[in-house]
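Summary of structural features
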Amino acid sequence: MQNKLTYEQVLEWYNRPLLDLVYEAATVHRAHHDPREVQISTLLSIKTGGCPEDCGYCPQAARYHTGVENEGMLSQKQVEIAAKRAKLMGSSRLCMGAAWRNVKDDADFDHVLDLVKTVNNLDMEVCCTLGMVTENQAKKLSDAGLYAYNHNLDSSEEYYEKVISTRGYQDRLDTIDNVRKAGITVCSGGIIGMGESPEDRCKMLVTLANLTPQPESVPINALVASEGTPLENQKPISIFEMVRMVAVTRLAMPKTTVRLSAGRTEMSIEGQALCFMAGAASIFAGDKLLTTPNPDIYEDLDMFDILGLKPTKPFTKHDKPQPEKTADYDLKEKPRWTRPGHVIAENEAKRKTKTTV
Ligand code: SF4
């Protein structure tokens, strides 16, 4: 039985002197992980732009004027080529992202199921991030061989509604629950640097840490302020805030894979080294993370050489999913995702800019 983690405990960790915190997090990290191994994951956008949601940080939201065009889905061949290339460069996980509010039971979803099978056949860990999913849909993904599903909480429940108005926090938690019930591993984390307080960061970690079981994977993103989004003027966070966040995540969820995600272009090798010391065990590779810039893979491989790191092999922490031949789905299932309907002034202002141009 997992002990409940308290907000007070997480805040106490968060406020420790940085080097004490890193030392303790490194000790916990070494007790549960091989500190020389860092997983390289590749994030591939299989359906870019045109999203109906209003996430204040996202250049793929159709309502903002960001220059990201609405593109059709990648073909099976395109995904297979991208996956083979990623594997060749050391990636053991491919995460496919579609800019959707939620999955619909249509031909596009059937195509995604085929993509999952294609990548699973390459012996890579397959992850998807497709928005909200029902229990049936999660089961279909599981039966196709999906290893992980990403669905970030982004921030605390209180701060979430200052950034996104088109869906509620409980929808996030329900999707995570549906994924869990389908036997898929959970990847869920957040973004720092959106204007949230340290207390918001700690509250998000408490929510994640008190999921039963804890997520297998927690990405920590630094906001990449994209032009045209409501958060375009946010100042970059300091590397020390990132290190602190990684270290507290490590203490809160000792066995979880903590992932250094968006924002690495702003981090030096020294800064990233501190993050690895504090418990980060994965990076995202490739020149783009969906639509935001990311370091070149050759620079990352040089960094691995300098720091004495090696890429983690696939399925070292959990078994490879075995796709099922027959499945039993509840066809009566009716998804009920919410639209909280509150208004976020910054998001509305950006929408107006677009319609008056
Ligand atoms: S973060 Fe995802 S759900 Fe939100 S606007 Fe971007 S693509 Fe859509």
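Below or above, wherever it landed, is the structure these notes cover. What you see is a predicted model, and the numbers here were worked out from it, not measured in a lab.

If you tally the helices and strands in the protein, you get 12 helices and 12 strands. Taken over C-alpha atoms, the radius of gyration comes to 19 Å for the protein, in line with the 21 Å a tight globule of 357 residues would show. When burial is assessed residue by residue, the protein has 49% of its 357 residues classed as buried. Here the analysis covers contacts within the protein between residues at least 6 apart in sequence; of these, 82% occur between residues at least 24 apart.

Neighbouring the ligand are Cys51, Glu53, Cys55, Cys58, Gln60, Ala61, Ala99 and Gly131. Across the shell around the ligand, the residue classes break down as five nonpolar, two polar and one charged.

This part takes up the nonpolar core. Judged by nonpolar contacts, the single largest core of 94 residues is most densely connected at Leu94, Tyr149 and Val246. The element best represented in this core is helix 9 (residues 239-252), accounting for eight residues.

The next subject is helix 9. Over its 14 residues, helix 9 extends 20 Å from the first C-alpha to the last, a length consistent with the 20 Å expected when each residue adds 1.5 Å. With 11 of 14 residues buried, helix 9 lies mostly within the body of the structure. Of the positions making up helix 9, those classed as buried are Met242, Val243, Arg244, Met245, Val246, Ala247, Val248, Thr249, Arg250, Leu251 and Ala252.

Right, let's talk about the pairing of strand 1 (residues 37-47) for a bit. With 10 of its 11 residues buried, strand 1 lies for the most part within the structure. In terms of strand pairing, strand 1 meets strand 12 (residues 310-311) through two bridges, oriented parallel. Bridge pairing in strand 12 places Glu37 opposite Lys310. As paired elements, strand 1 and strand 9 (residues 280-285) share four bridges and run parallel to each other. The residue of strand 9 that forms the bridge with Ser41 is Phe284. Two strands pair when backbone bridges link them, and strand 1 and strand 2 (residues 93-98) are joined in this way by six bridges, in the parallel orientation. Opposite Ser45, over in strand 2, you have Gly97 as the bridge partner. Regarding the hand of the β-α-β motif, the stretch spanning strand 1, helix 3 (residues 76-88) and strand 2 is right-handed.

With 13 residues, helix 3 should cover 18 Å at 1.5 Å per step; its first-to-last C-alpha distance of 18 Å lies within 8% of that length. Every buried residue of helix 3 is accounted for by Val79, Ala82, Ala83 and Ala86. Angularly, the buried residues of helix 3 cover 100° about the axis, an arc narrow enough to put them on a single face. Exposed positions of helix 3 whose direction lies more than 90 degrees from the buried face are Lys77, Ile81 and Leu88. In the core, the buried residues of helix 3 are packed alongside strand 1, strand 2 and helix 4 (107-120). Positive backbone phi, at 105°, marks Gly90, one or two positions downstream of helix 3.

Neither face of strand 8 (residues 257-260) is exposed, since Thr257 and Arg259 on one face and Val258 and Leu260 on the opposite face are all buried. Sheet analysis places strand 7 (residues 217-222) next to strand 8, joined by four bridges and oriented parallel. Within the sheet, the bridge partner assigned to Pro219 lies in strand 8 and is Arg259. Following the chain from strand 7 across helix 9 to the adjacent parallel strand 8, one finds a crossover that is right-handed. In terms of handedness, the path from strand 8 via helix 10 (residues 269-277) over to strand 9 forms a crossover that is right-handed.

Each value, and the rule that gives it
- Note that residues are indexed from 1 along each chain, following the sequence as it is written.
- Residues qualify for local features only when their pLDDT is at least 70, as the model is predicted, and side-chain atom pairs are given and counted only at 80 or more; totals for whole chains, interfaces and linings, by contrast, use all residues.
- By definition, any uninterrupted DSSP run of H or I lasting at least four residues is a helix, any uninterrupted run of E lasting at least two residues is a strand, and each is numbered from the N terminus.
- Only the C-alpha atoms count toward the radius of gyration. The rule for a globule is 2.2 Å times the residue count to the power 0.38.
- To sort residues by burial, count the other C-beta atoms lying within 10 Å of each one's C-beta; a count of 20 or more means buried, 12 or fewer means exposed, and anything in between means partly exposed. C-beta atoms are built from the backbone.
- Whether two residues are in contact is decided by their C-beta atoms, placed from the backbone, lying within 7 Å.
- Placing a C-beta atom from the backbone of each residue, we mark the residue near a molecule or strand if the atom is within 6 Å of it.
- Residue polarity is assigned by list, with Asp, Glu, Lys and Arg as charged and Ala, Val, Leu, Ile, Met, Phe, Trp, Tyr, Cys and Pro as nonpolar; anything else, Gly included, falls into the polar class.
- The nonpolar core criterion groups buried Ala, Val, Leu, Ile, Met, Phe, Trp, Tyr and Cys residues into a set whenever they are joined through C-beta atoms within 7 Å.
- By definition here, a helix of n residues has an expected span of 1.5 Å times n minus one.
- One requirement defines pairing of two strands: DSSP has to find at least two bridges between them.
- By the criterion used throughout, a crossover qualifies as right-handed when its path from the first strand across the helix to the second strand runs clockwise, the strands pointing away from the viewer.
- Each C-beta atom gives one direction from the helix axis, and the arc is the one those directions make.

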